[in-house]
Amino acid sequence: MSDEEAFDAFRMIRWSDNEGEPYCPRCGCVALYFATKRRLWECKACKHQFSITSGTIFASRKLPVRDYLLAIAIFVNGAKGHSALQLSRDLDVQYKTAFVLSHKLREAIGSVSKGSVASGHVEIDGAYFGGYVKPANNKDNRRDRRLSENQSGKRRCVVIMRERHGRTLPFVFKSEDAAVSTISQRLLAGSTIYADEASCWDVLHARYLTKRVNHSVCYSDDDCNTNMAESFFSRLRRAEIGTHHHIAGPYLNAYAAEMAWREDHRRVDNGELYLMAADAALKHAVSRQWKGYWQR
Ligand SMILES: [Zn+2]
């Protein structure tokens, strides 16, 4: 792509609701001046000046727009995620740039399902990530890592609600049983829950029709199973082991949201995925968490 083509591609995606014709992000006015050389618009009504990326997740960008399109295309192609180091080599930018850029993309695609509720036939399960304690070299120095005083306290539980033939909503808690109140808020009454034998789900029987499967007996009892939920965890675990090597900590929810997005759109071709991710990024407001991250 030439710079001109990349700019037009960006414009068509950002203002897709107006057939690619830009309008003022502040007042919605379509009458604009365009400074051809600086590629800036100025609103005739409120005099607000804006560029192709201002007010989006790519605000204050320093790279050419073409590189952002390339970054999105590379990012969506990784079935189990794409590491920041790899992206930095692909784009020929610093690791820090690639790290923040991929987190901005995660925030954008994760925001699509933010605040939404699940309904219908919903599978619920939890899995633990992070807080690995390495055993000491000498056998005499090794401690029992099952005891809580020998753990790091960094382990977190990803709990998901996955609609059958629908969306995947991930949450992060300290333990599986901490998820119960969130589930009652984010799951519509009248839904059917499928869960495993973990006793923390017992209280959900009061509110929902709940079907349980005992994994020590079988993994699926007719249609009663949590296999869709396990599929999600499989992808997240493979992203942890194979791609990122370490995904726990404060950004675990970002990785979980990314993998939920990938899982939900696993049958969508990558051209469509590219458009969806670009659309989410350009419709997302400036990231409060990631803008100026390395400048604190
Ligand atoms: Zn305006």
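Residues numbered from 1 in each chain as written. Predicted model: local features only at pLDDT ≥ 70, side-chain atom pairs only at ≥ 80, totals over all residues. Heavy atoms only, no water.

Asker: Would you mind showing me how to read the pattern of salt bridges here?
Answerer: Where charged atoms from two side chains of opposite charge come close, those side chains can pair. By the definition in use, this model includes 13 salt bridges. For Arg164, the salt bridge goes to Glu123, with nearest N and O atoms at 2.7 Å. Here the residue Arg164 occupies a position in the loop between strand S5 (156–163) and strand S6 (168–173), and Glu123 occupies one in strand S4 (residues 121–129), the gap between them amounting to 41 residues. Here Arg237 makes a salt bridge to Glu240, at a shortest N to O gap of 3.3 Å. Residue Arg237 and its partner Glu240 are located together in helix H6 (residues 227–244), separated by three residues, close to a single helical turn. Residue Arg237 is classed as partly exposed on the basis of its relative accessible area of 30%. Of the residues examined, Glu240 reaches a relative accessible area of 13% and is grouped as buried. What emerges from the salt-bridge pattern is a single network uniting Arg106, Glu258 and Arg262. (Salt bridge = Lys/Arg side-chain N within 4 Å of Asp/Glu carboxyl O. Helix = DSSP H or I, 4+ residues; strand = E, 2+ residues; numbered from the N terminus. Buried < 20%, exposed > 50% of the residue type's maximum accessible area, 1.4 Å probe, protein only.)

Asker: Help me understand the packing of helix H4 (residues 95–110) against helix H8 (residues 270–283), please; the structure alone is not making it clear to me.
Answerer: Packed helix pairs are characterised by how far apart their axes lie and by the angle those axes make with each other. One way to put it is that H4 packs onto H8 with a least axis distance of 8 Å and a crossing angle of 95°. By the angle between their axes, H4 is roughly perpendicular relative to H8. Along the contact surface, H4 presents Leu105, Ala108 and Ile109, while H8 presents Ala277, Ala280 and Ala281. In terms of residue class, the contact of H4 with H8 is made up of six nonpolar, no polar and no charged. (Axes fitted to C-alpha atoms, helices over the stretch in contact; angles between N-to-C directions. Parallel < 35°, antiparallel > 145°, perpendicular 65-115°, else oblique. Contact = heavy atoms within 4.5 Å. Nonpolar A, V, L, I, M, F, W, Y, C, P; charged D, E, K, R; others polar.)

Asker: What is the right way to look at the layout of surface pockets in this model?
Answerer: Summary: where empty space remains is shown by rolling a probe the size of a single water molecule over the atoms. Of the pockets and cavities examined, the largest pocket occupies roughly 630 Å³. Lining the largest pocket are 29 residues, with Gly110, Ser111, Lys114, Asn253 and Ala257 sitting closest to its centre. Those elements giving two or more residues to the lining of the largest pocket turn out to be H4, S6 and helix H7 (252–264). By residue number, the principal contributor to the lining of the largest pocket is H7, which donates six residues. Class assignment for the residues of the lining of the largest pocket results in 13 nonpolar, ten polar and six charged. In this structure, the second largest pocket occupies an estimated 450 Å³ of space. Along the wall of the second largest pocket there are 18 residues; nearest its centre are Ser60, Lys62, Thr97, Val100 and Lys104. Broken down by element, the lining of the second largest pocket gets its largest block of residues, five residues, from H4. Considered class by class, the residues forming the lining of the second largest pocket number nine nonpolar, four polar and five charged. (1 Å grid on protein atoms, 1.4 Å probe; cavity = no way out; pocket = protein on both sides within 12 Å on 5 of 7 lines; lining within 4 Å. Points joined across faces, edges and corners; volume = space filled by probe spheres on them.)

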